[in-house]
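Structural characterization, general
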Amino acid sequence: MSAPGADGASVPTAAELLDFVRRVAADAEIVASLPLAPEGRTWVQLEGPGGSEAWLIGWPPGTGTGWHDHADSIGAFTTAAGTLKELSLAARLPTDGWKTLEVAEGIDRSRQLATGQGRAFGRHHVHEVLNESGTEHAVSVHAYYPPLPQIRRYSRNGAVLRLEQVERPESWQ
């Protein structure tokens, strides 16, 4: 159930965001409306529930996001076509005050998300999403609340995670 926000309006939960992205991913007309590029990812912003930010994203073969988080936003995504792979860390990382961390053994997670499969996640969820297909596009639907204040991008070399840059909404909108 949604909780009231500061202005009294209901704030979507991660479960409600997941329900939303699943419904949109099942809408063949919306999914087919996304223009797919042969090399770079494409995206269209959607209206999400309860003031959330939502995106329909096309993934050409062999593309990915790189390691990143969504700062203080909760979120959810579902694969609408094709298969995506998510690599994530099953640990809560400190949000500020570091540039390099050594990731402990046993916290890496990997999951394949075929058409119709998705997941919700909490604040500061560090992950990488990939289309590992050599021939097929993938399409996914994402939602975040509150709308993304920033995305922190990381590089990963073995167990070492390094903060590389912080992007603000004007970079992707």
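A short tour of the structure in this document, coming up.

Rules of the game
Residues numbered from 1 in each chain as written. Predicted model: local features only at pLDDT ≥ 70, side-chain atom pairs only at ≥ 80, totals over all residues. Heavy atoms only, no water. Helix = DSSP H or I, 4+ residues; strand = E, 2+ residues; numbered from the N terminus. Rg over C-alpha atoms; globule rule 2.2 N^0.38 Å. Buried < 20%, exposed > 50% of the residue type's maximum accessible area, 1.4 Å probe, protein only. Contact = heavy atoms within 4.5 Å. Areas by Shrake-Rupley, 256 points an atom, 1.4 Å probe, with all protein chains shown as cover. Lys, Arg positive; Asp, Glu negative; His and termini not counted. Charge placed at Lys NZ, Arg CZ, Asp CG, Glu CD. Core = buried A, V, L, I, M, F, W, Y, C linked by side-chain atoms within 4.5 Å. Salt bridge = Lys/Arg side-chain N within 4 Å of Asp/Glu carboxyl O. Pairing = 2+ DSSP bridges. Axes fitted to C-alpha atoms, helices over the stretch in contact; angles between N-to-C directions.

**Focus on the overall build of the protein chain**
Scanning the protein chain from N- to C-terminus turns up two helices and 14 strands. A compact globule built from 173 residues should have a C-alpha radius of gyration of about 16 Å, and the protein chain, at 16 Å, falls within 12% of that. In the protein chain, which comprises 173 residues, the proportion classed as buried is 44%. For the protein chain, the share of sequence-separated contacts (at least 6 apart) that also reach a separation of at least 24 residues comes to 73%. Working note: accessible area of the protein chain is about 8800 Å², and carbon and sulfur atoms make up 50% of it. Computed over 15 positive and 21 negative side-chain charges, the inter-centroid distance for the protein chain is 6 Å.

**Considerations on the environment of Leu 17**
Along the chain, Leu 17 falls in helix α1 (residues 14-25). A residue is classified by how much of its surface remains accessible, and Leu 17, at 0% relative accessible area, is buried. Not counting the four nearest positions on each side in its chain, Leu 17 is found in contact with Pro 12, Pro 49, Ser 52, Ile 74, Gly 75, Ala 76, Ala 143, Tyr 144 and Tyr 145.

**Details of the nonpolar core**
One finds Phe 20, Val 21, Ala 80, Val 139, Val 141 and Ala 143 to be the most contacted residues of the largest nonpolar core, which totals 16 residues. The leading source of residues in this core is α1, at six residues. In this structure, Phe 20 is in contact with Glu 47, Gly 48, Pro 49, Ala 54 and Ala 143, ignoring residues within four places of it in sequence. Listed in part, the 12 residues of the second largest apolar core include Phe 77, Leu 84, Phe 121 and Ala 138.

**Notes on the pattern of salt bridges**
Evaluated as defined, the whole model comprises seven salt bridges. The partner of Glu 132 in a salt bridge is Lys 85, and the shortest N-O contact between them spans 3.7 Å. Residue Glu 132 is found in the loop between β11 (127-130) and β12 (138-145), and its partner Lys 85 is found in strand β7 (residues 83-89); the two are separated by 47 residues along the sequence. Glu 132 sits in the partly exposed class, given a relative accessible area of 49%. One network of salt bridges, with partners in common, ties together Glu 86, Arg 111 and Arg 119.

**What to know about the sheet that holds strand β4 (residues 53-59)**
Within the open sheet, the five strands sit side by side as β3-β4-β12-β6-β10. Their pairing is antiparallel. Edge positions in the open sheet fall to β3 (42-47) and β10 (118-121), since each of these has one partner strand only. Averaged over all pairs of adjacent strands, the angle between strand axes in this sheet comes to 20°, irrespective of strand direction. The pairing of strand β6 (residues 74-81) with β12 spans seven bridges and is classified as antiparallel. In the sheet register, Phe 77 faces β12, and the bridge partner there is His 142. Seen against the sheet, α1 touches β3, β4, β6, β10 and β12 and runs at an angle of roughly 20° to β6.

**Observations concerning the environment of Leu 34**
Position of Leu 34 relative to the elements: it lies in the loop between α2 (28-32) and β3. Among the residues examined, Leu 34 registers a relative accessible area of 5% and is labelled buried. Along the chain, Leu 34 and Val 44 lie 10 residues apart, while their C-alpha atoms are 7.0 Å from each other. If we skip the residues at most four places from it in the chain, Leu 34 touches Thr 42, Trp 43, Val 44, Leu 56, Ile 57, Gly 58 and Val 139.

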